[in-house]
Amino acid sequence: ETIRQGGKEVEFGMFELGLYKITSLEYFNVQYDVWCLEPVRDPVTRQRVSQELTQAFGGKGLNYYSLCKPNPLIVPLNAEGFREVKVLGSDSKMSALVERAVQHLG
(Lines give C-alpha, C1' and ligand atoms only; values in the text may rest on other atoms or scores of the structure.)
Protein backbone atom coordinates (compact mmCIF):
# COMPACT_ATOMS: atom_id res chain seq x y z
CA GLU A 1 0.00 0.00 0.00
CA THR A 2 1.29 3.45 -0.86
CA ILE A 3 0.14 6.52 1.01
CA ARG A 4 0.28 9.66 -1.12
CA GLN A 5 -0.63 13.14 0.02
CA GLY A 6 -3.49 14.98 -1.55
CA GLY A 7 -5.34 18.25 -1.17
CA LYS A 8 -3.58 21.19 0.46
CA GLU A 9 -0.61 19.00 1.55
CA VAL A 10 0.79 18.97 -2.00
CA GLU A 11 1.12 22.77 -1.98
CA PHE A 12 4.05 22.82 0.44
CA GLY A 13 7.10 20.78 1.33
CA MET A 14 10.63 20.36 0.04
CA PHE A 15 10.34 16.78 -1.27
CA GLU A 16 7.81 14.55 -2.97
CA LEU A 17 7.70 10.83 -3.63
CA GLY A 18 9.91 9.72 -6.48
CA LEU A 19 9.39 6.84 -8.88
CA TYR A 20 11.99 4.44 -7.41
CA LYS A 21 10.71 2.03 -4.76
CA ILE A 22 13.49 1.56 -2.22
CA THR A 23 11.88 -1.31 -0.31
CA SER A 24 8.70 -2.52 1.33
CA LEU A 25 8.01 -2.94 5.01
CA GLU A 26 5.30 -4.46 7.13
CA TYR A 27 3.65 -2.42 9.85
CA PHE A 28 0.85 -3.98 11.91
CA ASN A 29 0.30 -6.66 9.25
CA VAL A 30 0.00 -4.10 6.44
CA GLN A 31 2.65 -3.98 3.70
CA TYR A 32 3.88 -0.47 2.79
CA ASP A 33 6.15 0.62 -0.05
CA VAL A 34 9.03 2.98 0.78
CA TRP A 35 9.74 5.39 -2.08
CA CYS A 36 12.69 7.64 -2.71
CA LEU A 37 12.26 11.39 -2.39
CA GLU A 38 12.71 13.97 -5.13
CA PRO A 39 13.14 17.69 -4.50
CA VAL A 40 10.21 19.99 -5.24
CA ARG A 41 10.83 23.13 -7.29
CA ASP A 42 9.59 26.53 -6.24
CA PRO A 43 6.89 27.54 -8.77
CA VAL A 44 8.22 31.11 -8.97
CA THR A 45 12.01 30.70 -8.98
CA ARG A 46 12.07 27.16 -10.48
CA GLN A 47 14.85 26.37 -7.97
CA ARG A 48 14.72 23.36 -5.65
CA VAL A 49 13.07 24.49 -2.41
CA SER A 50 15.58 22.46 -0.37
CA GLN A 51 18.46 24.10 -2.27
CA GLU A 52 17.06 27.57 -1.57
CA LEU A 53 16.87 26.71 2.13
CA THR A 54 20.42 25.33 2.07
CA GLN A 55 21.70 28.53 0.46
CA ALA A 56 19.77 30.73 2.91
CA PHE A 57 21.40 29.02 5.90
CA GLY A 58 24.79 28.30 4.31
CA GLY A 59 24.49 24.54 4.55
CA LYS A 60 26.20 21.80 2.56
CA GLY A 61 23.11 20.47 0.78
CA LEU A 62 22.31 17.18 -0.88
CA ASN A 63 23.41 15.29 -3.96
CA TYR A 64 20.01 15.45 -5.67
CA TYR A 65 21.08 13.23 -8.53
CA SER A 66 21.53 10.18 -6.31
CA LEU A 67 18.31 10.40 -4.27
CA CYS A 68 16.27 8.17 -6.57
CA LYS A 69 18.99 5.82 -7.78
CA PRO A 70 19.57 2.30 -6.46
CA ASN A 71 22.13 2.23 -3.65
CA PRO A 72 24.46 -0.80 -3.81
CA LEU A 73 24.76 -0.74 -0.03
CA ILE A 74 21.05 -1.41 0.51
CA VAL A 75 19.62 -3.12 -2.61
CA PRO A 76 18.60 -6.74 -2.05
CA LEU A 77 21.41 -9.25 -2.53
CA ASN A 78 19.64 -11.08 -5.33
CA ALA A 79 19.19 -10.90 -9.11
CA GLU A 80 16.87 -7.88 -8.82
CA GLY A 81 19.43 -5.93 -6.78
CA PHE A 82 22.15 -6.88 -9.26
CA ARG A 83 20.04 -5.61 -12.19
CA GLU A 84 19.25 -2.36 -10.40
CA VAL A 85 22.95 -1.63 -9.84
CA LYS A 86 24.00 -2.83 -13.30
CA VAL A 87 21.64 -0.31 -14.96
CA LEU A 88 23.59 2.50 -13.25
CA GLY A 89 26.58 1.66 -15.46
CA SER A 90 29.04 2.41 -12.66
CA ASP A 91 32.02 0.15 -12.01
CA SER A 92 32.47 1.61 -8.52
CA LYS A 93 28.83 0.98 -7.57
CA MET A 94 28.97 -2.58 -8.94
CA SER A 95 32.21 -3.14 -7.03
CA ALA A 96 30.49 -1.99 -3.81
CA LEU A 97 27.64 -4.45 -4.43
CA VAL A 98 30.03 -7.35 -5.12
CA GLU A 99 32.08 -6.52 -2.02
CA ARG A 100 28.91 -6.47 0.06
CA ALA A 101 27.80 -9.82 -1.39
CA VAL A 102 31.20 -11.40 -0.63
CA GLN A 103 31.09 -10.10 2.96
CA HIS A 104 27.55 -11.45 3.33
CA LEU A 105 28.62 -14.91 2.17
CA GLY A 106 31.57 -14.89 4.57
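Given the structure is predicted, the values throughout are model-derived calculations rather than measurements.

1. Thoughts on a nonpolar patch on the surface
- Together, Met14, Leu53 and Phe57 give the surface a local cluster of nonpolar side chains, amounting to about 320 Å² of exposed area.
- Mapping Met14 onto the fold places it in the segment before β1 (15–27).

2. Considerations on the packing of aromatic side chains
- A complete count under the given rule lists 1 aromatic pair for this structure.
- Centroid distance Tyr27 to Phe28: 4.6 Å. Interplanar angle 85°. Geometry classified as edge-to-face.

3. Concerning unusual backbone geometry
- One non-glycine residue with positive phi stands out, namely Phe28, at about 50°.
- Structurally, Phe28 can be placed in the loop between β1 and β2 (30–39).

4. Thoughts on the state of the cysteines
- Following the criterion strictly, the structure yields 1 disulfide and no others.
- A sulfur-sulfur distance of 2.0 Å marks the disulfide that ties Cys36 to Cys68. Across the S-S bond of Cys36 and Cys68 the torsion is about 100°, and the bridge reads as right-handed. With a gap of 32 residues between them, Cys36 in strand β2 and Cys68 in the loop between α1 (49–57) and α2 (79–87) connect regions that are remote in the sequence.
- Since its relative accessible area comes to 1%, Cys36 is described here as buried.

5. Quick word on the confidence of the model for the chain
- Of all residues in the chain, 90% have pLDDT values of 70 or greater, and the mean over the chain is 88.
- Of all secondary-structure elements in the chain, the lowest mean pLDDT belongs to β1, at 89, while helix α3 (residues 91–105) reaches the highest, 96.

6. Describing the nonpolar core
- Counting residues in each nonpolar core, the largest one holds 7 residues, listed as Tyr20, Cys36, Cys68, Val75, Val85, Met94 and Leu97.
- Setting aside its immediate chain neighbours within four residues, Val75 contacts Tyr20, Pro70, Gly81, Glu84, Val85, Leu97 and Arg100.

7. Comments concerning the pairing of β2
- Across 9 bridges, the pairing between β1 and β2 is antiparallel. When the sheet's bridge partners are listed, Lys21 is paired in β2 with Trp35.
- Hairpin connection of β1 to β2: 2 residues between the antiparallel strands, including Phe28 at a positive phi of 50°.

Each value, and the rule that gives it
Residues numbered from 1 in each chain as written. Predicted model: local features only at pLDDT ≥ 70, side-chain atom pairs only at ≥ 80, totals over all residues. Heavy atoms only, no water. Patch = residues over 30% accessible without salt bridge, like charges linked within 9 Å, V, L, I, M, F, W, Y side chains within 5 Å. Areas by Shrake-Rupley, 256 points an atom, 1.4 Å probe, with all protein chains shown as cover. Salt bridge = Lys/Arg side-chain N within 4 Å of Asp/Glu carboxyl O. Helix = DSSP H or I, 4+ residues; strand = E, 2+ residues; numbered from the N terminus. Phe/Tyr/Trp six-rings, centres within 6.5 Å; stacked < 30°, edge-to-face > 60°. Disulfide = S-S within 2.5 Å. Buried < 20%, exposed > 50% of the residue type's maximum accessible area, 1.4 Å probe, protein only. pLDDT = per-residue confidence, 0-100. Core = buried A, V, L, I, M, F, W, Y, C linked by side-chain atoms within 4.5 Å. Contact = heavy atoms within 4.5 Å. Pairing = 2+ DSSP bridges.

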